[in-house]
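# Geometric and topological summary
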Amino acid sequence: MMAARGDVVNGFPPVRASGWPGAGHARPGGAGPRAEDGASAARPPISESWRRSREAGVDTGVQAAPLVYDRDRVADARAAHPLDPHLPMLRDLLRQVADEADHLMVITDEAGHALWTDGPPTARRQAERIGLLEGFCWAEGSVGTNGIGTPLATGRPEYVYASEHVAHVLHRWSCAGAPITDPDTGRVIGCVDVSATVEALHPAAVALVGAAARLAESRLELEMRLRDERLRERFLPHLRALRGARGVLATATGRILAAEPDGWNGRRVAVPVAGGEIALPDGRPAIAEPLGEVFVLRPSDGPAAPGPYGRGRRARRTWRARRAARARGRC
């Protein structure tokens, strides 16, 4: 049931502090409305999402998500995405639930672009009408509050039920989604979502997608740890060549693989830039020297191996001169 006309602002349901929005809403799990539901309001994550959607200018009358990728671009985006090797695991985990209950599984990239969907034919036919298929964008800024865009915006699992959606066409749908974070960069790289019509999806689905996201993250972390060991084996001798002087072996994403002396492993620094000055965990400045797939961070007042940026203070002068030249528009 829609909110009373006097409560609607630019087509949006009322935004209040807590509870369920509007009067007479059906509740998750099939329970009917309670007498006090007429005075209840949206749950905080939903009201915050409504505000973001309104600020983004989302049209509540939108009929479907926008198409952003054609078939070829979807294939390219899939192949380049770090979740591609883990799709069979996610599909196996969620497919049985999806097939038995007419649910649709959706996996997106960090921008909410649907890259993979899976589900029974009935669910896919219904999803096609609203663009819940590969190549369509489900960011909050495109379709408002939903089980993909909202988790991506908040960085945590979310459940969006029926008329909690901003778009009226989605009021017969419910969805649960969880963001997936890359342990290497610390950034969200996608979302796993389960969607179904209001009658089919139970709020417990948020626990399912949360478990799937954590499993994907654990697989990504295992890959990262194996990659880290290979990098240490290959590049650690360069760090040991400092002969006791402080230095750091860091990934291109700013994770510390090894340090001399030891003690900083696993910590992060800013993302290194070749020849750039960077703060070490103890606050001292260091010069980032590229070394294959990693960087050696050497204190700017300490010993440095010969390289394209020189040694110590001269390295800082070289880098600052190049930065000033870039600021003046030079190469």
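Below or above, wherever it landed, is the structure these notes cover. Given the structure is predicted, the values throughout are model-derived calculations rather than measurements.

Here we come to the pairing of strand β2 (residues 114–118). By the criterion of burial, β2 is predominantly enclosed, with 5 of the 5 residues buried. Two elements, strand β1 (residues 104–109) and β2, share 4 bridges in a ladder whose sense is antiparallel. The residue of β2 that forms the bridge with Ile107 is Trp116. From the end of β1 to the start of β2, which pair antiparallel, there are 4 residues, and Gly112 there has a positive phi angle of about 85°.

Overall, the coordinates contain 15 salt bridges when judged by the stated rule. Of the charged contacts in the structure, one is a salt bridge between Arg52 and Glu140, with a shortest N-O distance of 2.8 Å. You can see Arg52 sitting in helix α1 (residues 44–55) and its partner Glu140 sitting in helix α5 (residues 140–143), a full 88 residues away along the chain. When its relative accessible area of 27% is taken as the criterion, Arg52 is described as partly exposed. We classify Glu140 as buried; its relative accessible area is 7%. Its salt-bridge partner being Arg255, residue Asp184 comes within 2.7 Å of it at the nearest N-O pair. Taken together, the residues span a long stretch of sequence, with Asp184 in the loop between β4 (173–181) and β5 (188–197) and Arg255 in the loop between β6 (247–251) and β7 (256–260) at a distance of 71 residues.

Ordered in space as β2-β1-β5-β4-β3, the 5 strands form an open sheet in which the pairing is antiparallel. The two strands at the open ends of the sheet, each matched to only one other strand, are β2 and β3 (158–161). Going across the sheet, the axis of each strand differs from the next one's by a mean of 20°, ignoring polarity. Across 6 bridges, β1 lies against β5 in antiparallel orientation. In the sheet register, Ile107 faces β5, and the bridge partner there is Val192.

Here the focus is the sheet that holds β6. The strands making up a sheet associate through backbone hydrogen bonding, with each pair oriented either parallel or antiparallel. In space, the 5 strands of this open sheet follow the order β7-β6-β10-β9-β8, with antiparallel pairing throughout. Each of the sheet's edge strands pairs with one partner strand only, and the pair in question is β7 and β8 (277–279). Geometrically, the sheet is characterised by an average inter-axis angle of 30° between neighbouring strands, direction not taken into account. Direction of pairing for strand β9 (residues 285–291) relative to strand β10 (residues 294–299): antiparallel, over a ladder of 6 bridges. Paired with Ala288 across the strands is Leu297, a residue of β10. Along the sheet, helix α7 (residues 205–240) contacts β6, β7, β9 and β10; its crossing angle with β7, the most-contacted strand, is approximately 25°.

Relative to the 16 Å expected for 12 residues at 1.5 Å per residue, α1 spans 17 Å between its end C-alpha atoms, a close match to the ideal helical length. Along α1, the residues classified as buried are Pro45, Ile46, Ser47, Ser49, Trp50 and Ser53. Elements in contact with the buried residues of α1: α5, α6 (149–154) and β3. In the stretch just after α1, Gly57 is the one whose phi turns positive, near 75°.

Let us look at the packing of aromatic side chains. Scanning all chains against the criterion turns up 1 aromatic pair. Look at Tyr159 and Tyr161: their rings are 6.4 Å apart centre to centre, the planes differ by 15°, and that puts the pair in the stacked class. Its relative accessible area of 8% is what places Tyr159 among the buried residues. Taking the relative accessible area as the measure of exposure, Tyr161 reaches 6% and is therefore buried.

Glancing now at the pairing of β3. Successive side chains on a regular strand alternate, one facing one side of the sheet and the next facing the other. Judged by which residues are buried, β3 turns out to be covered on both faces: Glu158 and Val160 on one side and Tyr159 and Tyr161 on the other are all buried. Note: β3 against β4, 4 bridges, orientation antiparallel. In the strand pairing of β4, Tyr161 is matched with Ser174.

Thresholds, definitions, all that
Residues numbered from 1 in each chain as written. Predicted model: local features only at pLDDT ≥ 70, side-chain atom pairs only at ≥ 80, totals over all residues. Heavy atoms only, no water. Buried < 20%, exposed > 50% of the residue type's maximum accessible area, 1.4 Å probe, protein only. Helix = DSSP H or I, 4+ residues; strand = E, 2+ residues; numbered from the N terminus. Pairing = 2+ DSSP bridges. Salt bridge = Lys/Arg side-chain N within 4 Å of Asp/Glu carboxyl O. Axes fitted to C-alpha atoms, helices over the stretch in contact; angles between N-to-C directions. Contact = heavy atoms within 4.5 Å. Expected span 1.5 Å × (residues − 1). Phe/Tyr/Trp six-rings, centres within 6.5 Å; stacked < 30°, edge-to-face > 60°.

Read these as geometric descriptors, not functional statements.
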